[in-house]
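Overview (structure and organization)
As a plain string of letters, each chain reads:
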Amino acid sequence: MSTSNLKLLEPASLGDLELKNRIALSPMTRSRAPESVPTDLMAKYYKQRSSGGLLITEATQIAADGIGYPWTPGIYTDEQTEGWKKVVDAVHEDGAYIFNQIFHEGRIAHPHFLNGDKPIAPSAVKPKGQTFTGEGMKDLVEPREMGIDDIERVIAAFKLSAENAKKAGFDGIEIHGANGYIIDQFLQDGTNKRTDEYGGNIENRARFLFEVLEETISIWGENKVGLRLSPSGLLNDMSDSHPTEHFKYVIEKLNDYPLAYLHLVEPLIPVDKLPKYSKNVAADFRAFYNGFVIANGGYTRETGEEALQAGNADMIAYGKPFLANPDLPKRFELGVDLNKADESTFYGGDEKGYTDYPTMKEAVV
């Protein structure tokens, strides 16, 4: 593939932001915030990857009752907000743009982090599997079904986190509606068994998402709030009776909202034997959305370029390749080999496997 005319390396307009290329840093939990407060090491990590057209932070908790993993950052306190300012300033020094991904884990949160309390969720449907707590693996538990007061409180927490992200200087926020966390739990009928105005048909199940969007857009305005969805996502024991039909409804309705972008995640667990699920999410759902689309999930330089050339996406988000290659856009430009990611250092720890991956220049030296 020629490197001289890669669409991946072309600039792109995202609202009033002029992005230097179409390569985004995918949101990735790295568990390097010991007290849930962003650190100087995190600022270094994001700054190293500021050659991307857009950086999207790791999933950031909006409330103390939404924690399911150890050493992950929040943005619901002043101290956390100040910590994120250091990250944003470091990225902006290099002329890059950064969005803060905010989320609540819902039923994937764990009593270990909640003073023994049950996590909250749309319905009391226990997820299969375990989660890492910092004290080993523990079984996920049956959540407590949210009352209307809980729903209002969590929506308010999304709004507060949106306000704090603005105070921290971020260029925008991404609402995490994918991968089996609280918004996804409302959307999918395998986890939403409610019979009130937030359950039943897809119009009701999507109500929570759209109320979150309305509140966060009220803080940020047009073209500053992105949304991540996983229409074929099975992570965290998710399921839906008619996923393509239901997500088509959601995505078409998103055209009524002035979003910065729609971030679509390809299947991270194979769906080949599940005919109701899309095997090519960006290709299948792009037609339903009129705005800017970011595609993510297992893309290589070649497949990412193909997706852009086909018009299935406007930008490609890279996770592991960008994690292991701080200068990923330059490596794509030159067509050189990539560093391999060390999976043993993905979560927790120090600079090893975090800020010590060499650039091409460092590798030569």
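Residues numbered from 1 in each chain as written. Predicted model: local features only at pLDDT ≥ 70, side-chain atom pairs only at ≥ 80, totals over all residues. Heavy atoms only, no water.

Counting residues in hydrophobic clusters, the biggest one holds 80 residues, and the most contacted among them are Phe-158, Ile-175, Phe-208, Leu-213, Leu-229 and Leu-254. The dominant element in this core, judged by the number of residues it contributes, is helix 6 (residues 207–220), at eight residues. One finds Leu-14, Leu-17, Phe-99 and Phe-292 within the second-largest nonpolar core, a separate group that totals 14 residues. (Core = buried A, V, L, I, M, F, W, Y, C linked by side-chain atoms within 4.5 Å. Buried < 20%, exposed > 50% of the residue type's maximum accessible area, 1.4 Å probe, protein only. Helix = DSSP H or I, 4+ residues; strand = E, 2+ residues; numbered from the N terminus.)

The residue His-104 is located in the loop between strand 6 (98–103) and strand 7 (120–121) in this model. Overall, the relative accessible area of 2% leaves His-104 in the buried class. In this structure, His-104 is in contact with Ile-62, Ala-63, Asp-65, Gly-66, Ile-120, Val-154, Phe-158, Tyr-181 and Ile-182, ignoring residues within four places of it in sequence. Among the polar contacts made by the side chain of His-104, one reaches the side chain of Asp-65 at a distance of 2.8 Å. (Contact = heavy atoms within 4.5 Å. Polar contact = N/O pair within 3.5 Å; in protein donor to acceptor, adjacent residues only side chain to side chain.)

In contact at an axis separation of 8 Å, helix 1 (residues 40–48) and helix 2 (residues 78–93) are set at 30° when each is read in the N-to-C sense. Comparing their axes, helix 2 and helix 1 come out roughly parallel. Seen from above, helix 1 lies across helix 2 with right-handed handedness. Contacts between helix 1 and helix 2 involve Asp-40, Met-42, Ala-43, Tyr-46 and Lys-47 from the first element and Trp-84, Lys-86, Val-87, Ala-90, Val-91 and Glu-93 from the second. Classifying every residue of the contact of helix 1 with helix 2 gives seven nonpolar, no polar and four charged. (Axes fitted to C-alpha atoms, helices over the stretch in contact; angles between N-to-C directions. Parallel < 35°, antiparallel > 145°, perpendicular 65-115°, else oblique. Left-handed = near helix turned anticlockwise from the far one by under 90°. Nonpolar A, V, L, I, M, F, W, Y, C, P; charged D, E, K, R; others polar.)

Another point: a nonpolar patch on the surface. Residues Trp-71, Phe-132 and Met-137 make up a contiguous nonpolar surface patch of about 290 Å² in total accessible area. On the secondary structure map, Phe-132 appears in strand 8 (residues 130–132). (Patch = residues over 30% accessible without salt bridge, like charges linked within 9 Å, V, L, I, M, F, W, Y side chains within 5 Å. Areas by Shrake-Rupley, 256 points an atom, 1.4 Å probe, with all protein chains shown as cover. Salt bridge = Lys/Arg side-chain N within 4 Å of Asp/Glu carboxyl O.)

Counting all residues, the mean pLDDT for the protein chain is 97, and 98% of those residues have values of 70 or more. Mean pLDDT across the elements of the protein chain bottoms out in helix 12 (residues 360–364) (78) and peaks in strand 11 (residues 172–176) (99). (pLDDT = per-residue confidence, 0-100.)

Notably, Ser-31 is not glycine yet its phi reads approximately 55°, a positive angle. Mapped onto the elements, Ser-31 comes out in the loop between strand 3 (23–25) and helix 1.

What follows deals with the pairing of strand 15 (residues 315–318). Here strand 15 shows a buried face lined by Met-315 and Ala-317 and a second buried face lined by Ile-316 and Tyr-318. Inspection of the sheet shows strand 3 paired to strand 15 by three bridges, in the parallel sense. In the strand pairing of strand 15, Ile-23 is matched with Ile-316. Summarising the sheet, strand 14 (residues 293–296) and strand 15 pair through three bridges and their orientation is parallel. Within strand 15, the position partnered with Ile-294 by the bridge is Met-315. Since strand 14 and strand 15 lie parallel, the crossover through helix 9 (residues 301–309) that links them has a hand, and here it is right-handed. (Pairing = 2+ DSSP bridges. Right-handed = clockwise from strand over helix to strand, strands pointing away.)

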